[in-house]
Every structure is written in structure tokens, then in C-alpha cells.
Amino acid sequence: MDEQNTARQPEAELSEILRVRREKLSALRQAGRDPFVETTYDVDACAKDINENFDGYEGKQVSVAGRILSKRGMGKSGFIDIQDHSGRIQSYVQKDRLGDEEYEWFKKYDIGDIIGIKGEVFRTQKGQISIRAHQVKLLSKSLLPLPEKWHGLKDTELRYRQRYVDLIVNPEVKKAFVMRSQFIRHIRHYLDALGYIEVETPVLSTIVGGAAARPFITHHNTLDLDMYMRIATELPLKRLIVGGMDRVYEIGRLFRNEGIDTKHNPEFTTIELYQAYADFHTMMDIAEGILSSAAMELHGTYQLQWLGETVDLTPGWRRLTMTDAVKEYTGVDFGAISDDAQAVEAARSIGVELPEAAEKTWGNALYACFDQKVEEKLIEPTFITMYPVEVSPLTKRSPADPRLTERFELFICHSEMANAYSELNDPIDQRLRFEKQLEQRERGDDEAEMLDEDFLTAMEYGMPPTGGMGMGIDRCVMLLTGSDSIRDVLLFPTMKPLSE
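Bear in mind the structure is a predicted one, so any value in this text is a computation, not a measurement.

Draft legend 1. Inspection of the packing of helix 8 (residues 173–193) against helix 10 (residues 280–299) at higher detail. Where helix 8 meets helix 10, the axes come as close as 10 Å, and the angle between the chain directions of the two elements is 130°. Classified by the angle between their axes, helix 8 and helix 10 sit oblique to one another. Between helix 8 and helix 10 lies a crossing of right-handed hand. Along its contact with helix 8, which presents Met179, Gln182, Phe183, His186, Ile187, Tyr190 and Leu191, the element helix 10 presents Asp285, Ile286, Gly289, Ile290, Leu291, Ser293, Ala294, Glu297, Leu298 and His299.

Draft legend 2. Spatial organisation of the sheet that holds strand 11 (residues 267–276). Ordered by their spatial adjacency, eight strands build an open sheet running 6-10-11-18-17-16-15-14, and the pairing between neighbours is mixed. Only two strands of the sheet have a single neighbouring strand rather than two, namely strand 6 (197–198) and strand 14 (318–321). Of the pairings in the sheet, the one linking strand 17 (residues 415–422) to strand 18 (residues 466–472) comprises five bridges and is antiparallel in character. Looking at strand 18, one finds that Ala420 is bridged to Met469. Seen against the sheet, helix 16 (residues 473–481) touches strand 11, strand 16 (404–412), strand 17 and strand 18 and runs at an angle of roughly 60° to strand 18.

Draft legend 3. How the structure looks around the pattern of salt bridges. Applying the stated criterion across every chain, the model contains 35 salt bridges. The salt bridge involving Asp166 is made with Arg163; its shortest N-O contact spans 2.8 Å. Pair noted here: Asp166 and Arg163 are both in helix 7 (residues 163–169), with a separation of three residues, about one helical turn. Residue Asp166 is classed as buried on the basis of its relative accessible area of 0%. Between Asp454 and Arg239 there is a salt bridge, with its nearest N and O atoms 2.9 Å apart.

Draft legend 4. Seen up close, the environment of Trp306. Relative to the elements of secondary structure, Trp306 occurs in strand 12 (residues 303–306). Between the alpha carbons of Trp306 and Ile412 there is a distance of 9.3 Å; along the sequence they are 106 residues apart. Among residues more than four places away in sequence, those in contact with Trp306 are Ile412, Cys413, Ser415, Met417, Arg475, Met478, Leu479, Gly482 and Ser483.

Draft legend 5. Examining the sheet that holds strand 7 (residues 204–205) more closely. A sheet is described by the order of its strands in space; here three strands give the open sequence 7-9-8, paired in antiparallel fashion. With partners counted over all chains shown, the strands left at the sheet margins are strand 7 and strand 8 (217–220), one partner each.

Draft legend 6. Summary view of the environment of Pro171. Counting through the fold element by element, Pro171 comes out in the loop between helix 7 and helix 8. As for Pro171 and Arg67, which are separated by 104 residues in sequence, their C-alpha atoms are 12 Å apart.

Draft legend 7. Local environment of the confidence of the model for the protein chain. On average, residues of the protein chain score 93 in pLDDT, and 95% of them are at 70 or above. Counting contacts from residues 1–8, a segment whose pLDDT is below 50, to residues more than four positions away or on other chains yields 24 contacts. Below pLDDT 50 for its whole length, residues 150–154 participates in 12 contacts with residues either more than four positions away or in separate chains.

Draft legend 8. Local environment of helix 14 (residues 427–442). An ideal rise of 1.5 Å per residue puts 22 Å on 16 residues; helix 14 measures up with 23 Å between its terminal C-alpha atoms. Among the residues of helix 14, Pro427, Asp429, Gln430, Arg433, Phe434, Gln437 and Gln440 are the ones counted as buried. Each buried residue of helix 14 lies within a common arc of 150° when the element is viewed along its axis, so the set occupies one face. Across from the buried face of helix 14, at angles greater than 90 degrees, the exposed residues are Ile428 and Glu442. Lining the buried residues of helix 14 we find strand 16 and helix 15 (453–460). N-cap assignment for helix 14: the residue whose side-chain oxygen lies 2.9 Å from the backbone N of Ile428 is Asp426. Backbone geometry just after helix 14 places Gly444 at a positive phi near 110°.

Draft legend 9. Looking closely at helix 13 (residues 362–374). With 13 residues, helix 13 extends 17 Å from end C-alpha to end C-alpha; this agrees with the ideal 18 Å at 1.5 Å per step. Within the span of helix 13, buried status applies to Trp362, Gly363, Asn364, Ala365, Leu366, Ala368, Cys369, Phe370 and Val374. Check the buried side of helix 13 and you find it contacts helix 11 (322–330), helix 12 (340–349), strand 15 (382–388) and strand 16.

Draft legend 10. Highlighting the packing of aromatic side chains. For the structure on display, the rule yields 11 aromatic pairs. Note on Tyr103 and Phe106: the rings are 5.8 Å apart at their centroids and 40° apart in plane angle, and the pair reads as tilted. You can see Tyr103 and its partner Phe106 sitting in helix 5 (residues 100–107), three residues apart, about one turn around the helix. Like Phe106, Tyr103 is buried.

Draft legend 11. Inspection of the nonpolar core at higher detail. Core analysis: the largest hydrophobic core is formed by 70 residues, its most contacted members being Phe183, Phe408, Ile412 and Met469. It is helix 10 that provides the largest number of residues to this core, a total of 10 residues. In terms of nonpolar packing, the next biggest core, distinct from the first, is built from 31 residues, Ala45, Ile68, Ile111 and Ile129 among them.

Draft legend 12. Here's a closer look at unusual backbone geometry. For Tyr277, which is not a glycine, the phi torsion comes out positive at approximately 65°. Secondary-structure assignment places Tyr277 in the loop between strand 11 and helix 10. Among the residues examined, Tyr277 registers a relative accessible area of 62% and is labelled exposed.

Draft legend 13. Quick look at the pairing of strand 5 (residues 129–140). Here three bridges tie strand 3 (residues 88–94) to strand 5, and the two strands are oriented parallel to one another. Bridge pairing in strand 5 links Gln90 to Ser130. Here strand 4 (residues 114–123) pairs with strand 5 via 10 bridges, running antiparallel. Of the residues in strand 5, the one forming a bridge with Glu120 is Arg132. The hairpin turn running from strand 4 into strand 5, its antiparallel successor, is five residues long, and Gly127 in that turn takes a positive phi close to 90°.

How each quantity is defined
Residues numbered from 1 in each chain as written. Predicted model: local features only at pLDDT ≥ 70, side-chain atom pairs only at ≥ 80, totals over all residues. Heavy atoms only, no water. Axes fitted to C-alpha atoms, helices over the stretch in contact; angles between N-to-C directions. Helix = DSSP H or I, 4+ residues; strand = E, 2+ residues; numbered from the N terminus. Parallel < 35°, antiparallel > 145°, perpendicular 65-115°, else oblique. Left-handed = near helix turned anticlockwise from the far one by under 90°. Contact = heavy atoms within 4.5 Å. Pairing = 2+ DSSP bridges. Salt bridge = Lys/Arg side-chain N within 4 Å of Asp/Glu carboxyl O. Buried < 20%, exposed > 50% of the residue type's maximum accessible area, 1.4 Å probe, protein only. pLDDT = per-residue confidence, 0-100. Expected span 1.5 Å × (residues − 1). Arc of directions from axis to C-beta. Polar contact = N/O pair within 3.5 Å; in protein donor to acceptor, adjacent residues only side chain to side chain. Phe/Tyr/Trp six-rings, centres within 6.5 Å; stacked < 30°, edge-to-face > 60°. Core = buried A, V, L, I, M, F, W, Y, C linked by side-chain atoms within 4.5 Å.

And the structure:
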């Protein structure tokens, strides 16, 4: 029976394969060859190195380990392909070299079993780089068969639910997660070179803040206290700025009780960074520097393909105020409007309605127009700056127009990639804005900020002028890997449980 076709076999037939595999395990144990008692195996080479540096390995003895992906032949000799962390390599196994008993056991090994091979590197008559096995050792028995072609399964979400199988049979999937690791390492090197310090802040808190989002709630049994899982790292990091740690960043998991789509997962990874004596212009330079240099380091080019578009990350990205962006893409000039009612009417004239819980103000009308009519049109890297104060409760007001704040969001392919402020450091103004947020909560907006008295106390000790930014790691990796869905760059995305 060809076990590689089990993905499309009837359940009765599949059950027979499972029974046979367990019987093989039982036979191994009865013969004193239990594969699960092995604790280590001496590995001194990997598939990729052997394949790429054959001249250096030819004729040498190596020890490799990996998972059996195919078997061919098996009379008095046969070929197998194994896959290790670096790739695949072929091995030639002969009865004369292993001995009669070992070869008979070897023939019973299944696709998916993990084995160790010691032998000599050579090239076959057909030119295939291989290992001539002198010893084959079973290191772990696979009790479930692998599907032959994972993409052939009808339930495509099964790739996300069983990422371990996805990685086995679709080794190219691993490349995205290797690049994710490389990108995070790149960020650390970039910021460390600028004198930043990486820190860690609490995941659990009695007050949620730093973003407009609905939190997850949990309970601490010993303290008999409800706590929130963090939706941002902003407020603890700003406390460190108050304490004199002038350049800090944290790469960490955030948790927001929100919907799931191609760009959103309830738990996700961000970097937040704060720099004393800097502003949002400094943060723009850092955001552009991180992503453009990452593209060059990881791909050797600034030109990337994402969401069906060619994106040019060459430094010198466009910077556009929200007022100018709305004027350019909708024709409505909020710079010429000063009255709240007139602003709301101007929004309605282009088919924009304000959220029910939002106050009918000039700032909310401007933001609604941008959110509903402009954001989807931003393809090339664009910094949208000067956000209304109503939607920026932690941001310093613009000296030129107190209705606006010194804030930007970075958009690439109509996706928000980063959010940054010239941080508000006036504790009196901050209290007033928190109180406005409380009013919004009372009107039913459960994503509005809570009032954090300890944070206000910290600010009252004096916080220097500060620039701060949050950047979504997952979306950046989507860009760098050309992935259409956030689930392709999360090893274990949140999934609805399957019914029994």
C-alpha cells in the first residue's frame, strides 16, 4: 500500500495503516529496539551543506539525521530521501553493507520515520549527490502517515491548524519564518546601533491603555483580581523614559479581542520604541530606515512584490498631512473648514458617516474621511501626518493648529505598518484627554482608553520631549515575504476549534 496517498484514502483504509504502524512499533519493542528510548544522536553534517559543498565532502564519512520522505527499490538495495532542518538529501542503502538483520528492519521503516545515517558522501551514476549508508538507526517512529500533497487537501485551513505537518511536507513554508527571525534580528541590530536598550514590560495589568482596542480579561486567583492582557506596551515604556532610560524598545506579543482577517490576529507581535529629546520626524526616519535597509539586506533590492503590487522601498518616502491627503483623494479641503457642523456635512457629501459613538467634530469628520476614502488608495510607502486630537489621546498637539497632533501612520499597499507620535508630556492635558476617553467609554465605546492614575503621576514628575513609535512585526514580515495573509507569517495563528 502506498502510504503517500493517505490524504485521499477512505477512513477504513487509513485506520488499517494506523494499525499496521502500531504493530510495527510493538514488534520493535519486543525485539528490544524501542525507537523512543534514544536520547541523542551524533550529527556532524546537514543536507544543505553536503549538497552545496560536494567537493569538500566527497568521499568523507558523515553522520546525518532526518525524516524519511520517500523510499525506492528495497530488494537488496534501495534509495531513500531524508529531510533535515536544512533540506533533503538522498541515501543509498545496501543489504551487503548493513547486514541481513539490519537491512530487514530498515525495509520496514515508514515514510515519516526519523532516522540517523552514517556513511560516505558520493555521487551516483546519474549524478545525484548521496550518502552510501554504513549504518541506519531508527530514532523515532511515525505513527501517523504524511499526506502526499498537502495543497491537495480540501480543508486548506488544516495547514494552519497542523503547522507541524505543513512544515514537513511543504519545506518552502519555513522560508517565511526564517525571514521573520532575520527581520527581528535586523531590527535589534539597527536600534542597538542607535543606542537603544531592549526592555521587557508586564503582559498583565489592572488597567489597559496605550491603544484603542478591546482587551482580553483574565483572573488572578491568589489576588482575586481581574486583570487585562496588554493591548500595547506604550505606557510602561514611557514610565521608563520618565525614569531616565532615554532610548528603549520592546519586541513583544500584544493581545486584542478583535476580529480575525487577513491582516489581523488576536495575538500579534509589535515593536514599540521611545526616544527622549526626539519627535515624530525622528520616528519617521527610523521607520523608513528599518524597512528599507531590511529589504536590501534580506532581498538585495528595494523593489518588493506584495498584494499584487510592486512596492518601491527606496529611501525618500512620501510624507503627506491627513488634511492634504483627504483633499488630494476626495477633493474636500478640511483646511478651509473651521465649523464642526460644516465638517460633518462635508464628510456626508462624499458618502462618509461618522461612527455612532464619535462626537460630531471637525477632527472626527476629517479622520472618518481619511479612513473610509483615502487609506485604501495608498500603495507606495506614505507617511500620513498630523492626525486629529480626537483620535490621538496620547499625542502632543501641533503648535500651528491645536486641533491636530504630531502623529503619523505609515501605509504600504493600503496597510498600516507603523504608528508614531511626538509624545504628549503635559500631565494636565493628558488628564483632560483621558477624561474625554472615559466619556467615550460611557457612550459605549469599549475600545476607548482607561484613566491611568499611576501613569499621570509619572508624567507629573516630568517627562522630556519624546518621540515614540509602534510597528507591526507581522505585517512587515508579510511585506518582506510577499504573503497575502497574516496566518502565513504566524507559526500558530488563532483558529476556531474544529467541532467533534
